[in-house]
Amino acid sequence: MKIQIIFICLFACSVQPTGFVILLNGTSSAGKSSIAVCLQQKISASIVVSLDELFWSNMIRIAEQLEVVDLDMSYEQKYMVIQNHKKQVYQELKK
Amino acid sequence: MKTKQELHQLVKDLALQGKNVIVDTTLGIFDHDEVFDFWLAMDGIFVLSVLVYCPFTELLEHIICRNYSGQHDQERNIKNILSQFCSLYILARSSNCMIDTLTKQEVVDGLQIARQELSLTKSEDAVEQTISKLAKKYEHAFSLSTHDRVGIASQYCYDLLVNTAQYNADECAKQIVRACVKKITK
């Protein structure tokens, strides 16, 4: 009985509840981010991850290091410049 | 954190830590493998996949509103979004998979809006070159040279489609929560 209780306690401690993932895919400007905000309010322990934002933040960081973009450019300007230097920036990103 | 594969791993790690992760992304635009890679990375995790669909004409309205909002971080490249539409949607081969229709006139009007928008920042030649490429892309993707109206379908499979022209963000979120509960309790 004692061994069983210890085993159950150990099992309970080792099992961490896994969360779930809601993938919102669609074109830019389709309304994904607004839905993500509403979902976050409705689902407990939820977090919004904007993959493209994270990905482009990295691309911009590398482009700044490579001096492909100017620091005082707007996000949109940097994004457009990087589109033209995508190969170069992506190669650096993969290093 | 560098490549998209690593970002997918981040999503999985957060889920394994017990977080419910809402992933806001545009997958499968340049490369179909991106979608496959995402599913591969999510092995063992419960995923509800949702297509956030905005019809062509309404999508253009959203872009114009954003680009004239005065907020630079809200601005979007109209050419890229029109290209994304061609990558995420295909010509519907049967009525079963059709999610909407697209007319030749809608595309012609849309390209005219894009022409005006692009001419603010690009030379006339560059604009015409871009518009010509986009027109060919739409003709090819949706057979618009031979049809005035076609049915469109999604390029990829999803658990749910929400139409942001029909429902507001809160209503779409409610539909997603309902679908999530349904899939979990299946």
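No experiment lies behind these values; they were computed from the predicted model shown. Numbers given to residues run from 1 along each chain, matching the order in which its sequence is written. Key to labels: chains lettered from A, ligands numbered from 1, both in the order written. Confidence filtering applies because this is a predicted model: local features only for residues at pLDDT of at least 70, side-chain atom pairs given and counted only at 80 or more, and all residues used for totals across whole chains, interfaces and linings. Working from all heavy atoms in the structure, the side-chain values ignore hydrogens and water.

**Looking at the sheet that holds strand β2 (residues 46–50) of chain A**
Part 1: In short, DSSP must find at least two bridges between two strands for them to pair. Working definition: helices are DSSP H or I runs of at least four residues, strands are E runs of at least two. Numbering for both runs from the N terminus. Sheet architecture is open: five strands sit in the order β2(A)-β1(B)-β1(A)-β2(B)-β6(B), paired in parallel fashion. Of all the strands in the sheet, the pair left with one neighbour each is β2 of chain A together with β6 (160–163) of chain B. Between one strand axis and the next, the sheet turns through 20° on average, direction left out of account.
Part 2: Where β2 of chain A and strand β1 (residues 20–25) of chain B come together, five bridges link them in parallel fashion. Each bridged residue has a counterpart across the sheet, and for S46 of chain A the counterpart in β1 of chain B is N20 of chain B. Axis lines are fitted to C-alpha atoms, over the contacting stretch for helices. Their N-to-C directions set the angle, which ranges from 0 to 180 degrees.

**Section: the confidence of the model for chain A**
Residues and elements named next belong to chain A.
Part 1: pLDDT expresses how confident the predictor is about each individual residue, on a scale running from 0 to 100. Here chain A shows a mean pLDDT of 77. Residues at 70 or above account for 78%.
Part 2: Ranking the elements of chain A by mean pLDDT puts helix α1 (residues 2–14) last, at 51, and strand β1 (residues 21–25) first, at 96.
Part 3: Any two residues whose heavy atoms approach within 4.5 Å are treated as being in contact. Scored below 50 in pLDDT, residues 7–13 makes zero contacts in the model with residues more than four places away or belonging to other chains.

**Things to note about helix α3 (residues 51–65) of chain A**
Residue and element names in this part refer to chain A.
Part 1: Taking 1.5 Å per residue as the helical rise, α3 with its 15 residues ought to reach 21 Å, and the 21 Å between its terminal C-alpha atoms agrees with that figure.
Part 2: Where α3 is concerned, the buried positions are L51, D52, F55, W56, N58, M59, I60, I62 and A63.
Part 3: In the segment just after α3, E67 is the residue with positive phi, at about 60°. Expected helix span is given by 1.5 Å per residue-to-residue step, counting one fewer step than there are residues. With a 1.4 Å probe rolled over the protein chains alone, any residue whose accessible area is under 20% of its type maximum counts as buried; one over 50% counts as exposed, and the rest are partly exposed.

**Comments concerning the interface of chain A and chain B**
By a widely used convention, the size of an interface equals the accessible area lost when the partners come together.
Part 1: In this complex, chain A contributes 49 residues to the contact, which on the side of chain B involves 60 residues.
Part 2: Two parts placed together each lose some accessible area under a 1.4 Å probe, and the buried area is that loss summed for both. Surface buried jointly by chain A and chain B totals about 5,100 Å² across both partners, of which 60% is contributed by carbon and sulfur atoms.
Part 3: Taken as a group, V21, L23 and N25 of chain A account for 15% of the area that chain A buries against chain B, more than any other trio of residues on that side.
Part 4: Basic side-chain nitrogens of Lys or Arg form a salt bridge, by our definition, when they fall within 4 Å of a carboxyl oxygen of Asp or Glu. Viewed at the interface, chain B and chain A are joined by one salt bridge.
Part 5: Two residues, D170 of chain B and K42 of chain A, come together in a salt bridge whose shortest N-O distance is 2.8 Å.
Part 6: Counting only elements with at least two residues in the side of chain A that touches chain B, the list comes to β1, α2 (32–42), β2, α3, α4 (75–84) and α5 (86–94) of chain A.
Part 7: The class makeup of the residues in the side of chain A that touches chain B is 23 nonpolar, 18 polar and eight charged.
Part 8: Summarising the sheet, β1 of chain A and strand β2 (residues 47–53) of chain B pair through five bridges and their orientation is parallel. Polar here means any residue other than Ala, Val, Leu, Ile, Met, Phe, Trp, Tyr, Cys and Pro, which are nonpolar, and Asp, Glu, Lys and Arg, which are charged; Gly is therefore polar.

**Some remarks on the pattern of salt bridges**
Part 1: In this structure the tally under the stated criterion is five salt bridges over all chains.
Part 2: Among the ionic pairs, E128 of chain B bridges to R115 of chain B, the shortest N-O distance being 2.9 Å. Note that E128 of chain B is positioned in helix α6 (residues 124–142) and R115 of chain B in helix α5 (residues 104–118), a separation of 13 residues in sequence.
Part 3: In this structure, D170 of chain B and K174 of chain B form a salt bridge, with 3.5 Å as the shortest nitrogen-oxygen distance. Remark: K174 of chain B and D170 of chain B occur in helix α7 (residues 169–185); sequence separation between them is four residues, near one turn of the helix.
Part 4: Each of K42 of chain A together with D170 and K174 of chain B takes part in one network of salt bridges that share partners.

**Side note on the environment of G31 of chain A**
All names here are of chain A.
Part 1: Along the chain, G31 falls in the loop between β1 and α2.
Part 2: Relative accessible area serves as the criterion here: at 21%, G31 is assigned to the partly exposed category.
Part 3: Put simply, G31 and F55 are 24 residues apart on the chain and 19 Å apart in space, counted from C-alpha to C-alpha.

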